[in-house]
Amino acid sequence: MRRELADLLPAVGGARRKQAAAIWQRTGHDPSAGLVVVPLTPLGRDDVLSMLDRASVRLLHPHLASALHSLTGGHPAASTVLCDAVVHAAGQNRTVTPRDLLDLPTAQGRPVTQVLLEDLLPDRRQRDRLLVLCLARDNATAEALAEDLGLDGPEQLPANAAAQYLVERQWQQSVPVDEPLVENRLLQSLLVHEARRTSPHPDDPHSWHQIHGFLHQHHRQRSDTASEAAALRHSLATGNAAKVVEMLTDEFVAEEAEQSVEPWLICLRHCATAPTPPSGSAGSAVNPQDGTDGWSDRRVEIALGEHAARYTHLDEAGRSINRLLHALWYLSEPYADAAIDPDAETLCQAVGDELGFLSRRHRTWYAALGRAARDWPVAARRRQVLPVPASEGS
């Protein structure tokens, strides 16, 4: 695609753009001197579909192109590498679904996330830093994690340096303070998946479980509501759903009926964004489905009540909260799009059912929970932030 220089300049008046283009000149003698750096035009879904035409249709999920485009946002390099990996897998007579995308190998046998990150983040030191620091909630937490892990280098603040590297690579425009270090959704998804894939033994300080354990304790030391939610989210990231359900249930049935429903819903919503632990990883909480050590993805089954007999120790509110949490946890996945995933559509409906059930069992939160029962399934289907209604009179 060809574009005029005037079209690449800031959005000022047309005459001023042409004037600026007219006076632009190359300065210096370096190869990059005077170059105007602009992002590549994102690919559309049809572009992705055409790149998948090389694979047998019978081996591809019917909505795989939409899922791949949603994951990459049309990023040209990421889309190309992932499409090539899909075609290679199909060439090996392997069926490919949306949830398989980040687990595919390339034609050379290397993990696709590893290949993508080496291309998108070529500085190995900063890439290795971001693989662990991307799990932190914000800049301050990332710095605490960097200190705990002993991340060193010439910079005084490793997390800040890693975020600044993303600015230099034009992944974002600033170093966030109260937000996660990585603002780009595609890059964050790749980093988290690679951190999970490459996690060493749980006893290693750099392992998935040790990192989330540190972050859990870090947030527990603070007393604000946001930190409590963050601590529980890190518990869920290690597979300890029982702890999260216990805390949410205790708050739900607490005698302090005057408290607002907002913190409870915000906590539930935030916990459900936790990344899943490495599948089958030792060191996870005991799997309540079968009593074994390790984690396996049975969120859909739990959300639909198929393992109800294993939760008889919970009261009816606790069992409902457990189903609701697992439904929301699954729906937070990039591939859990109700438009292309029958499980996601079923769970959107289940979210409304569980919130409606809970609304009838709380004497002060019933109105707000009833509104959430109507609004959350709609927002989940649209892949939007779940709205948090206030309690009456709060």
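Our subject in this report is the structure included herewith. Nothing here was measured: the structure is a model prediction, and the numbers come from that model. (Residues numbered from 1 in each chain as written. Predicted model: local features only at pLDDT ≥ 70, side-chain atom pairs only at ≥ 80, totals over all residues. Heavy atoms only, no water.)

## A word on helix H9 (residues 158–168)
The criterion, for reference: Classification of residues uses two cut-offs on accessible area relative to the type maximum, computed with a 1.4 Å probe and protein chains only: under 20% is buried, over 50% is exposed, and between them is partly exposed. Comment: elements are numbered from the N terminus, with helices defined as DSSP H or I runs of at least four residues and strands as E runs of at least two. Two residues qualify as a contact provided that any one of their heavy atoms is within 4.5 Å of a heavy atom in the partner residue.
Within H9, eight of the 11 residues are buried, leaving the element largely enclosed by the surrounding structure. Taken residue by residue, H9 has Pro158, Ala159, Ala161, Ala162, Ala163, Tyr165, Leu166 and Val167 as its buried positions. Contact partners of the buried residues in H9: helix H7 (124–133), helix H8 (139–149) and helix H10 (185–197). Of the residues trailing H9, Gln170 is marked for its positive phi of about 65°.

## Thoughts on helix H13 (residues 241–252)
Cut-off, in case you're wondering: Expected span of a helix: the number of residues minus one, times 1.5 Å. Directions from the helix axis toward the C-beta atoms define the arc.
Given a rise of 1.5 Å per residue, 12 residues ought to cover 16 Å, and the 16 Å separating the end C-alpha atoms of H13 matches this to within 8%. Listing the buried residues of H13 in full gives Ala241, Val244, Val245, Leu248, Thr249 and Phe252. The buried residues of H13 occupy one face: seen down the axis, they fall within an arc of 125°. The secondary structure elements touched by the buried residues of H13 are helix H12 (225–237), helix H14 (262–271), helix H16 (316–331), helix H17 (342–359) and helix H18 (366–381).

## Comments concerning the side chain of Glu143
How we decide: Charge convention: Lys and Arg are scored as positive, Asp and Glu as negative, and His as well as the terminal groups of each chain are ignored. Salt bridge, as applied in this entry: a Lys or Arg side-chain nitrogen positioned within 4 Å of an Asp or Glu carboxyl oxygen.
Structurally, Glu143 is set in helix H8. Within the buried set, Glu143 has no salt-bridge partner at all; the shortest N-O distance to an opposite charge, 8.3 Å, is to Arg129. Not counting residues up to four positions away in its chain, the partners in contact with Glu143 are Leu157, Pro158, Ala159 and Asn160.

## Some thoughts on the packing of helix H4 (residues 64–72) against H10
In a pair of packed helices, the angle between the axes and the distance between the axes together describe the arrangement. Applied cut-off: Helix axes are fitted only over the stretch in contact, all axes being lines through C-alpha atoms; the angle between N-to-C directions runs from 0 to 180 degrees. Orientation categories follow fixed angle ranges, with anything under 35 degrees roughly parallel, anything over 145 roughly antiparallel, 65 to 115 roughly perpendicular, and all other angles oblique. Under the grouping applied here, Gly and all other residues not named as nonpolar or charged are polar, the nonpolar ones being Ala, Val, Leu, Ile, Met, Phe, Trp, Tyr, Cys and Pro and the charged ones Asp, Glu, Lys and Arg.
Where H4 contacts H10, the axes come no closer than 7 Å and their chain directions differ by 100°. Put simply, H4 runs roughly perpendicular to H10. Across the interface between the two elements, Ser70, Leu71 and Thr72 from H4 touch Arg185, Leu186 and Ser189 from H10. Of the residues belonging to the contact of H4 with H10, the class tally is two nonpolar, three polar and one charged.

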